[in-house]
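Structure at a glance
So you can see what is in the structure, the chains are spelled out below.
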Amino acid sequence: MIRPMTCPICDKELPPEINGESMLFPFCSSRCKQVDLYRWCNGDYAVVEPMTIEHLLEAEQAEGELFEG
Ligand SMILES: [Zn+2]
């Protein structure tokens, strides 16, 4: 059995539309992809703080804004 892929940023299961051919892969959303890029740009990828519930809520709000337009 194949385990569902999870987002390396927020650890949520990837939605079905995100697969190896998606531009967002392996992230669940553009938000998480940006978080990843941001971390690399700041050179602090190795000292990632665990996501808190506040972070997740923030991310979901941001996603809602992105997808509304
Ligand atoms: Zn994610």
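Details of the structure are given in the entry above.
Keep in mind that what you see is a predicted model, and the values were worked out from it rather than measured. Positions within a chain are numbered from 1, following the residues in the order the chain's sequence is written. Where local features are concerned, this predicted model is filtered to residues with pLDDT of at least 70; where side-chain atom pairs are given and counted, the filter is 80 or more; whole-chain, interface and lining totals use all residues. Heavy atoms from the whole structure form the basis of all side-chain values; hydrogens and water molecules are not counted.

**Digging into the coordination of the zinc ion**
Note the threshold: Atoms of type N, O and S within 2.8 Å of a metal are treated as its donors, and for Na, K and Ca the window is 3.2 Å; water is not considered, so some sites may appear to be missing partners. Key to geometry: four donors with every angle between 85 and 135 degrees are tetrahedral; four donors are square planar and six octahedral where opposite donors lie over 155 degrees apart and all remaining angles lie between 65 and 115; all other sites are irregular. The secondary structure listing takes helices from DSSP runs of H or I that are at least 4 residues long and strands from runs of E that are at least 2 residues long, numbered from the N terminus.
Note on the zinc ion: its protein donors are Cys 7 (SG), Cys 10 (SG), Cys 28 (SG) and Cys 32 (SG). The metal-donor distances range over 2.3 Å. Its four donor atoms give the zinc ion angles of 102 to 119° at the centre, a pattern that matches the tetrahedral case. The motif formed by the donor residues of the zinc ion, counted along the single chain, is C-x2-C-x17-C-x3-C. Here Cys 10 is found in the segment before α1 (30–42), whereas its partner Cys 28 is found in the segment before α1, with 18 residues between them in sequence.

**Details of the side chain of Ser 29**
Rules: We call a residue buried when its accessible area falls under 20% of the maximum for its residue type, exposed when it is over 50%, and partly exposed in between, using a 1.4 Å probe and counting protein chains only. Working rule for contacts: check all heavy atoms of both residues, and any pair within 4.5 Å makes them a contact.
Along the chain, Ser 29 falls in the segment before α1. Using a relative accessible area of 2% as the deciding quantity, one classes Ser 29 as buried. Discounting residues that sit within four places of it in the chain, Ser 29 has contacts with Leu 24 and Glu 63.

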